[in-house]
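So you can see what is in the structure, the chains are spelled out below.
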Amino acid sequence: MVDDGTGEVNVYRVENNSLVEVADNQRGIFYGGDCYIVFYTYMTGNVPNYLIYIWQGRHAGQDEVTASAYLAVVLDRQFNDEPTQILVTMGKEPMHFMAMFKGKMLVYEGGTGRNQ
């Protein structure tokens, strides 16, 4: 792991080909019908480092899966291509990804976190 997961975490859900920030009380809750971008910042000395996790739900539509990859590239370019991009498929979350949510990560098999 790059660190213990205590860096800055920003979570976005992919909706209509754009990123919508997930409310603080909903961070760490993922739905199988959605895709998410998790932007993580950690420090090495005084130097910021960035990770872009692309979480893709098992039941997300192809348009949403494609949009998540595209939006990750857009975000990466905003930081001069410095972030490392990591594709995360539902059920195969790496240890660091789970550590960012401090034991409070929850994944629903289906559904969506969008406001209906």
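Shown above is the structure to which this text applies.
Described in the following lines is the structure provided in the data block. Numbers given for residues are sequential positions, taken from 1 along each chain in its written order. Under the rules for a predicted model, residues below a pLDDT of 70 receive no local features and side-chain atom pairs below 80 are neither given nor counted, while totals for whole chains, interfaces and linings still include all residues. Hydrogens are left out, water is left out, and the side-chain values use all remaining heavy atoms of the structure.

## Brief notes about the overall build of the protein
Helical segments are the DSSP runs of H or I of at least four residues, strand segments are the runs of E of at least two, and each set is numbered from the N terminus. When helices and strands are counted, the protein shows two helices and seven strands. The helix and strand sequence of the protein, counted from the amino end, reads β-β-β-β-β-α-β-α-β. The C-alpha atoms of the protein give 13 Å as radius of gyration, which agrees with the globular expectation for 116 residues (13 Å, within 12%). Seen through its principal axes, the protein has C-alpha atoms that stretch 45 × 30 × 25 Å. Per-residue burial over the protein gives 42% buried out of 116 residues. Intrachain contacts of the protein at a sequence separation of at least 6 include 65% that bridge at least 24 residues. Mean positive and mean negative side-chain charge positions of the protein (8 and 14 charges, respectively) differ by 5 Å. Put simply, the radius of gyration uses C-alpha atoms, and a globule should come to 2.2 Å times the residue count raised to 0.38. Burial classes: relative accessible area under 20% of the type maximum marks a residue as buried, over 50% as exposed, and values in between as partly exposed (1.4 Å probe, protein chains only). Here, two residues are considered to be in contact whenever any of their heavy atoms come within 4.5 Å of each other. The charged-residue count follows a simple rule in which Lys and Arg add positive charge and Asp and Glu add negative charge, with His and chain termini not counted at all. Note that the charge is assigned to NZ on lysines, CZ on arginines, CG on aspartates and CD on glutamates.

## Observations regarding the nonpolar core
Among buried residues, those of type Ala, Val, Leu, Ile, Met, Phe, Trp, Tyr and Cys that are joined through side-chain atoms within 4.5 Å constitute a nonpolar core. Counting 18 residues, the largest nonpolar core has Val-38, Phe-97, Met-100 and Phe-101 as its most contacted members. Those elements giving two or more residues to this core turn out to be β1 (8-15), β3 (29-31), β4 (35-44) and β5 (47-56). Per element, the largest residue contribution to this core is four residues, and it comes from β4. With residues near it in sequence (within four places) discarded, Phe-101 still touches Val-9, Val-11, Arg-27, Gly-28, Phe-30 and Val-38. One finds Val-14, Ile-37, Ile-54 and Leu-71 within the second-largest nonpolar core, a separate group that totals 13 residues.

## Brief notes about the environment of Tyr-12
Positionally, Tyr-12 belongs in strand β1. Along the primary structure Tyr-12 and Val-22 are separated by ten residues, whereas in three dimensions their C-alpha atoms are 5.3 Å apart. Not counting residues within four places of it along the chain, the set of residues in contact with Tyr-12 comprises Leu-19, Val-20, Glu-21, Val-22, Cys-35, Tyr-36, Ile-37 and Phe-39.

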